[in-house]
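# Structural description and commentary
Read off the chains here:
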Amino acid sequence: MVNKTGMTILLISIFSGCQVASEMLHKTLTPKVHNYSESSDALKECNFDKTISIVSENQNQLLKNSELGLAYYFKHSYQQSNQNFDSAINIYRINENKATIALSNIVRNEYQGEGFDKVFLHNYKAINYLMLGDAQSARVEAKNSNVVQQQEKLKLHKFKESYNKENRNSHLASRYDVLFNSVNPQHNPYQNPFAYYISALGYAEDGDFDNALVDIRNAIKFSNESKILKDKLISYQNRESKSSLELFFDVGQSPLKSQVRLKMDMGNGEQRMAYLPSYTLEKSDIDYIKIIDSQNKEVTRSSVLSDINAIKINEFREKLPAILSILTKEATISLGSEALDEKSKLLATIFKTGSAIYGQNDISTWSLLPEKILVTSFIPKEGEKYTMEVVLKSGDVVKREVLEVGGAKKLKSIYRHYSIRNGKVCK
C-alpha cells in the first residue's frame, strides 16, 4: 500500500494533469493477490511444512499470521500456533482503532479480516490451550470469542442499516441464488456455539458443572439439534467427573473467494462492468466420524459444531445488498466526474481504481479454515482399543485409523484433534 507522503505527491500530480501519475496510482494501489489455492492444496496432502512455506509469503500480515497459526495447529505445534494467533489478534485490534476508509471512501486499505475471522482466532487459541493443558486460559479465550462475536454481530447490523438502501442494481443479488441456497440459511455467522462448548469443557475440568451447564445451554440455543451438546448437558447435569476423550475434527476446505464481473446500471441508459466477490464451494463428501471399539461396536459419532461454509456464505449474503449500494454510488460519482474536464477525468481514475481495489482486496480470505468442525466425546474403557472411521454421506467408510487414547495428560480429560482433507487423516 502506498504511504501517505507518496499518496499526497501522486494526488498533487494528478490534479496538475499528470497522466503518468494517474497510471502510477493505479499500479501502486493494486495489491498483489496471494495464491490461496496453493496453500489449500498443500494442506490436502497433509504437507504441513509446504503449507507453512506458502502462507509465509502472504504480504497481508493479518492473513499471514492467521494462516500460520492454523497450519501450526494442524502440525500440533500449539505454542507456535498461539504466537501467530496473538500476532493476528494484535493486528486486527490495531486496525479497529484506525479509519478503515480513506480518501473520501474511494481508496480502501488492505484486507482487515471478516468478523468471523476474528471469532475463530480466539476459538482456535482456546483449543490450543486445552491441548497444552491450560483450562483456565482456554476459558478466557472462549469468553474473548463470545465478546468479539457480539461486537461483530452489532457491526454487521450497523453496516446493513447504513448502506442497505434501495438502488437500481439490487436485482444483481439474484445472481447468487445458487450459491446462497447451497448452505444452511439457519447457521448465523454470529450465533456460533463453538466458544460456549470450549468454555464448558474448561469449567468441567475444574468440576464447576454449574457454569459448564450455563455455557452448554447457551450453545444449545444456537444448535438445538446437536447430539454432542445434548449429551454434554446430561453429563454435566449428572456431575460426571470421569476422564473423557474429547475429539475435534477439521473437515474439508472452506470456500475460497473469486471475482465475477456484472453489468451495473448507472441510469440514463448507461452501464458499467463491476467486479464483485463470489465464493467457490468445495463440499466434502464426509458426513461424520464414527468411533468403534475392538468388537466393531459403535461407541459414538461426531456432530457438527461449526459449519464454516454456511458462516462465510451467510455473512456475504447479508452484506451483499450494502455492497451493491456502495458500488452503485461510487460508480455513479465516477461517471459524473467523467462528464467534466480533463483534470476531472484523471480524478475519475481514482474512483475506478477504488472499485478495482475493493474487488481485489475482497478475494482475500483465511484459506486454511475447514469446511466444518466436527466434535465428539466419550469415556474410554481401560485396556480397550478404539478405531475411528471416516464415513461418507453414502454410508461408505473411506478411512480407518487407530485412535490414540493413552499418553501423558495435564488435564482430567484427554484432547485430540485431526485435520481431514480429501479423505486423508493428517497426523
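Going by the structure above, here's the rest.
Remember, it's a predicted structure, so these values are computed and weren't measured experimentally.

What follows concerns the overall build of the protein chain. When its secondary structure is counted, the protein chain shows 14 helices and 13 strands. Looking at the 427 residues of the protein chain, the share that counts as buried comes to 53%. Of all intrachain contacts in the protein chain linking residues separated by at least 6 positions in sequence, the fraction that spans at least 24 positions is 75%. Accessible surface for the protein chain amounts to roughly 19600 Å². Of this, 48% is attributable to carbon and sulfur atoms.

Turning our eyes to something else, we now look at the nonpolar core. By size, the foremost hydrophobic cluster in this structure holds 65 residues, and its most contacted members are L70, F120, Y124, Y197, I198, Y236 and F248. Ranked by residue count, the leading element in this core is helix α7 (residues 115-131), at ten residues. Discounting chain neighbours no more than four positions away, the residues touching L70 are F85, Y124, W366, L368 and L369. Listed in part, the 19 residues of the second largest apolar core include V251, L374, F378 and I414.

This part covers the pairing of strand β8 (residues 303-307). When you tally the buried positions in β8, you get four out of five residues, the bulk of the element. As paired elements, β8 and strand β9 (residues 372-378) share four bridges and run antiparallel to each other. For D307, the partnering residue across the bridge sits in β9 and is K372.

Time to look at the pattern of salt bridges. Applying the stated criterion to the full structure yields 21 salt bridges. Linking K75 and D49 is a salt bridge whose minimum nitrogen-to-oxygen distance equals 2.7 Å. Of this pair, K75 sits in the loop between α5 (61-74) and α6 (78-96) while D49 sits in helix α4 (residues 48-55); the two residues are 26 residues apart in sequence, bridging distant segments of the chain. Look at D49 and you get exposed, because its relative accessible area is 51%. With a shortest N-O distance of 2.9 Å, R400 and E389 are connected by a salt bridge. A residue pair is termed long-range when its members are at least 10 positions apart, and R400 in strand β11 (residues 397-402) and E389 in strand β10 (residues 387-392) qualify at eleven residues.

The strand order across the open sheet built from five strands is β8-β9-β3-β12-β13, with neighbouring strands paired in mixed fashion. Each edge of the open sheet is held by one strand with a lone partner, namely β8 and β13 (424-426). With strand direction ignored, the average angle separating the axes of adjacent strands in the sheet is 30°. Where strand β3 (residues 245-251) lies against strand β12 (residues 414-421), seven bridges are found, and the strand directions are parallel. In the sheet register, F249 faces β12, and the bridge partner there is Y418. Along the sheet, α5 contacts β3 and β12; its crossing angle with β12, the most-contacted strand, is approximately 110°.

Even without a glycine there, the phi angle at H76 is positive, about 70°. As for its placement among the helices and strands, H76 is situated in the loop between α5 and α6. The class for H76 is partly exposed, based on a relative accessible area of 32%. Positive phi, close to 65°, is recorded for N296, a residue that is not glycine. Locating N296 in the fold gives a position in the loop between β6 (286-292) and β7 (298-301). What makes N296 exposed here is its relative accessible area of 63%.

Within α4 the residues assigned to the buried category are F48, T51, I52, I54 and V55. Buried residues of α4, viewed axially, fall in a sector of 165°; they line one side.

Bringing the side chain of N123 into the picture now. In this fold, N123 is placed in helix α7. Setting aside residues no more than four positions away along its own chain, N123 makes contact with S145, N192, F194 and A195.

Right, let's talk about the environment of E225 for a bit. Mapping E225 onto the fold places it in the loop between α11 (209-222) and α12 (227-237). E225 sits 79 residues away from V304 along the chain, and the two C-alpha atoms are 9.8 Å apart.

One pass over the structure, following the stated rule, counts one disulfide. Covalently, C46 is tied to C426 through a disulfide, its sulfur atoms 2.0 Å apart. With the S-S dihedral at roughly -75°, the linkage between C46 and C426 falls on the left-handed side. Note that C46 is positioned in the loop between α3 (36-44) and α4 and C426 in strand β13, a separation of 380 residues in sequence. Taking the relative accessible area as the measure of exposure, C46 reaches 21% and is therefore partly exposed.

Summarising the element assignment, S81 is placed in helix α6. The buried category is assigned to S81, whose relative accessible area is 0%. For the pair S81 and K125, spaced 44 residues apart in sequence, the C-alpha separation works out to 7.9 Å. Residue contacts for S81: discarding those within four places in its chain leaves G69, Y72, Y73 and N128. Looking at S81, its side chain comes within polar contact range of the main-chain oxygen of G69, at 2.6 Å.

In this section: the sheet that holds β7. Pairing within the open sheet is antiparallel, and its four strands lie in the order β7-β6-β10-β11. Because the sheet does not close on itself, it has two edges, and the strands there are β7 and β11. Within this sheet the neighbouring strands show an average axis-to-axis angle of 25°, counted without direction. Of the strand pairs in this sheet, β10 and β11 are connected by five bridges, and their pairing is antiparallel.

Definitions and cut-offs
Residues numbered from 1 in each chain as written. Predicted model: local features only at pLDDT ≥ 70, side-chain atom pairs only at ≥ 80, totals over all residues. Heavy atoms only, no water. Helix = DSSP H or I, 4+ residues; strand = E, 2+ residues; numbered from the N terminus. Buried < 20%, exposed > 50% of the residue type's maximum accessible area, 1.4 Å probe, protein only. Contact = heavy atoms within 4.5 Å. Areas by Shrake-Rupley, 256 points an atom, 1.4 Å probe, with all protein chains shown as cover. Core = buried A, V, L, I, M, F, W, Y, C linked by side-chain atoms within 4.5 Å. Pairing = 2+ DSSP bridges. Salt bridge = Lys/Arg side-chain N within 4 Å of Asp/Glu carboxyl O. Axes fitted to C-alpha atoms, helices over the stretch in contact; angles between N-to-C directions. Arc of directions from axis to C-beta. Disulfide = S-S within 2.5 Å. Polar contact = N/O pair within 3.5 Å; in protein donor to acceptor, adjacent residues only side chain to side chain.

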